[in-house]
Amino acid sequence: MLEIVLLILKIVGIILAALLGILIIAAGCILFVPVRYRGDFFVDELEDGGGKSVEAAFRAFWLMRLVRMYVSREENVRIRVKLFLFTLYDTAKEKKADKKKDKRRENKKSRKKAEAPEEAEMDVEEGMPDGDGGDQLNAEAGTSEGGREEDKIEETGKYNKNGRAEDSSVQREKRGIKKFISIILQTIRDFCDKLKKIRERAEKIEELWKSEHMVSSRSLLGRQLTYLLKHSRPGNLEGYLRFGFEDPSTTGYAMAAYGILYPVWSPKLSVEPDFEKQVLAAHIRIRGKLRVWHFLRVALSLYLSKDVRRVIKDIAVIIS
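Criteria and thresholds
- Residues numbered from 1 in each chain as written.
- Predicted model: local features only at pLDDT ≥ 70, side-chain atom pairs only at ≥ 80, totals over all residues.
- Heavy atoms only, no water.
- Helix = DSSP H or I, 4+ residues; strand = E, 2+ residues; numbered from the N terminus.
- Buried < 20%, exposed > 50% of the residue type's maximum accessible area, 1.4 Å probe, protein only.
- Contact = heavy atoms within 4.5 Å.
- Polar contact = N/O pair within 3.5 Å; in protein donor to acceptor, adjacent residues only side chain to side chain.
- Core = buried A, V, L, I, M, F, W, Y, C linked by side-chain atoms within 4.5 Å.
- Salt bridge = Lys/Arg side-chain N within 4 Å of Asp/Glu carboxyl O.
- Patch = residues over 30% accessible without salt bridge, like charges linked within 9 Å, V, L, I, M, F, W, Y side chains within 5 Å.
- Areas by Shrake-Rupley, 256 points an atom, 1.4 Å probe, with all protein chains shown as cover.
- Lys, Arg positive; Asp, Glu negative; His and termini not counted.
- Charge placed at Lys NZ, Arg CZ, Asp CG, Glu CD.
- Axes fitted to C-alpha atoms, helices over the stretch in contact; angles between N-to-C directions.
- Parallel < 35°, antiparallel > 145°, perpendicular 65-115°, else oblique.
- Nonpolar A, V, L, I, M, F, W, Y, C, P; charged D, E, K, R; others polar.
- Pairing = 2+ DSSP bridges.
- Phe/Tyr/Trp six-rings, centres within 6.5 Å; stacked < 30°, edge-to-face > 60°.
- Lys NZ or Arg CZ within 6 Å of the ring centre and 35° of its normal.
- Left-handed = near helix turned anticlockwise from the far one by under 90°.

Caption draft 1: Main features of the overall build of the chain. Along its length, the chain carries eight helices and eight strands. Of all 320 residues assigned to the chain, the portion counted as buried reaches 14%. The long-range fraction of contacts in the chain, counting pairs at least 24 apart against all pairs at least 6 apart in sequence, stands at 60%.

Structure (structure tokens):
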């Protein structure tokens, strides 16, 4: 009996160890196996001058191409996600299904429109009154309208005899003026209250920006962004880019920004500014890899920081 119990415990332990090993391997794959990506971006002006031709293709692979994602753009954007040999998601199939649903809805609407006139004719035929009934209805309507006119005449006559028309009109004008003045005063009060709230909020934001925990949070955020940029920037960025804006100064500012980012990215990208006209032509190829571990490390370091959590609470208080 004891041997059977030990054998059962041994089997259960082996199963649990196998499951734990599978979970560890899966977590290691998710965290440390990189997602590799490649992208091509092409922009050029059409020969007839009718616009621009924009084409793009993006591919991402994970775990020795076991999971693949394709994004392409020629006339429309198409996204496909595949797992081994099976297609998990495809926008082209969804568009076809949506078109079929739209056709079915249009057919139903056309049928309802065709059936509606027939039902309306049947209702009109059933609801037509006889000759005597119509005369009685007209006679009753005439008598009711006549009675209403007489009542109006009597009411206006009483109103004019008592001489209250002029007094009521003056009172209405006074009430309207008082109401208008009160509305203006209330609007001014509300505007002043809003200005006070804005000033108080600005003072709180300035105080928060100069606080010690905000300074340490900014330094931590800068270090983490530098780390993320170092380990997640594209490994290869090449091609050419020719651009120009209507204002030459804007082109100069854009070129200055590219000069700042030049050491960070790749010197294989050829950039040609055009200061004479507005133009955009490019053919850029990008390649790189991303690891989930780097993003998780940055998120954990920010979440575990007491200063960052304090700043988030202060911001929530200011917003509320």
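After presenting the structure, the write-up continues.
Caption draft 2: Local environment of the side chain of D274. Position of D274 relative to the elements: it lies in the loop between β7 (269-273) and β8 (279-290). Looking at D274, the relative accessible area reads 10%, which means it is buried. A polar contact of 3.0 Å, which involves the side chain of D274, links it to the backbone nitrogen of E276. Among all residues touching D274, those that are not within four sequence positions of it are R242, F243, G244, F245, T251 and V279.

Caption draft 3: Main features of the nonpolar core. Of all hydrophobic cores here, the largest spans six residues; its members are L237, F243, L269, V271, A282 and I284. Listed by contribution, the elements that provide at least two residues to this core are β6 (236-244), β7 and β8.

Caption draft 4: A look at the pattern of salt bridges. Tallied over the full model, the rule gives six salt bridges. R78 is the partner of D90 in a salt bridge, and the nearest nitrogen-oxygen pair spans 2.9 Å. Of the two residues, D90 is situated in strand β5 (residues 86-90) and R78 in strand β4 (residues 77-83); the sequence distance between them amounts to 12 residues. The partner of K210 in a salt bridge is E206, and the shortest N-O contact between them spans 3.2 Å. Of this pair, K210 and E206 both sit in helix α4 (residues 165-210), separated by four residues, roughly a single helical turn. Taking relative accessible area as the criterion, K210 reaches 61% and is therefore assigned exposed.

Caption draft 5: Representation of a positive patch on the surface. Positive charge collects at one region of the surface, where K101, R104, R105, K108, K109, R111, K112 and K113 lie side by side. Mapping K113 onto the fold places it in helix α2 (residues 91-127). Of the residues examined, K113 reaches a relative accessible area of 64% and is grouped as exposed.

Caption draft 6: Quick look at the side chain of H213. Looking at where H213 falls in the secondary structure, it is placed in helix α5 (residues 212-232). A residue is classified by how much of its surface remains accessible, and H213, at 14% relative accessible area, is buried. In this structure, H213 is in contact with L208, D307, R310, V311 and D314, ignoring residues within four places of it in sequence.

Caption draft 7: How the structure looks around the packing of α5 against helix α7 (residues 292-303). The N-to-C vectors of α5 and α7 enclose an angle of 175°; their axes lie 10 Å apart at closest approach. As judged from the angle between their axes, α5 and α7 are roughly antiparallel. Along the contact surface, α5 presents L220, L221, Q224, Y227, L228, H231 and S232, while α7 presents W293, H294, F295, R297, V298, S301 and L302. Of the residues contributing to the contact of α5 with α7, the split by class is eight nonpolar, five polar and one charged.

Caption draft 8: Representation of the sheet that holds β8 within the structure. Strand order across the open sheet formed by eight strands is β5-β4-β3-β2-β1-β8-β6-β7, with mixed pairing between neighbours. Looking at which strands have only one partner, the edges of the open sheet turn out to be β5 and β7. Each strand of the sheet is rotated relative to its neighbour by a mean of 10°, with strand direction disregarded. One ladder, built from seven bridges, connects strand β2 (residues 52-62) with strand β3 (residues 67-73); its direction is antiparallel. Note that in β3 the partner of R59 across the bridge is Y70. Contacts between helix α6 (residues 248-261) and the sheet are confined to β6 and β7, with β7 contributing the most and set at about 160° to the helix.

Caption draft 9: Quick look at the environment of K93. Relative to the assigned elements, K93 resides in helix α2. In sequence terms K93 and R80 are 13 residues apart; their C-alpha atoms lie 9.9 Å from each other.

Caption draft 10: Molecular detail of the packing of aromatic side chains. With the rule as written, the count across this model stands at four aromatic pairs. Relative to F58, the ring of Y37 has its centre 6.1 Å away and its plane inclined at 25°; by these criteria the two rings are stacked. With Y37 in strand β1 (residues 35-45) and F58 in strand β2, this pair connects stretches of sequence that are 21 residues apart. Aromatic pair F61 and Y70: ring centres 6.4 Å apart, planes at 80°, arrangement edge-to-face. Relative accessible area serves as the criterion here: at 9%, F61 is assigned to the buried category. Here the guanidinium or amino end of R218 rests over the ring plane of W209, the centre of that ring lying 4.2 Å away. Above the ring of Y227, the side-chain terminus of R297 is found at 4.2 Å from the ring centroid.

Caption draft 11: Representation of the packing of α5 against helix α8 (residues 306-319) in the model. One can describe the packing of α5 onto α8 by two numbers: an axis separation of 8 Å at closest approach and a directional angle of 120°. In this structure, α5 crosses over α8, and the sense of that crossing is left-handed. Here α5 contributes H213, M214, S216, S217 and L220 to the contact with α8, which in turn contributes D307, V308, R310, V311 and D314. Its residues assigned to classes, the contact of α5 with α8 comprises four nonpolar, three polar and three charged.

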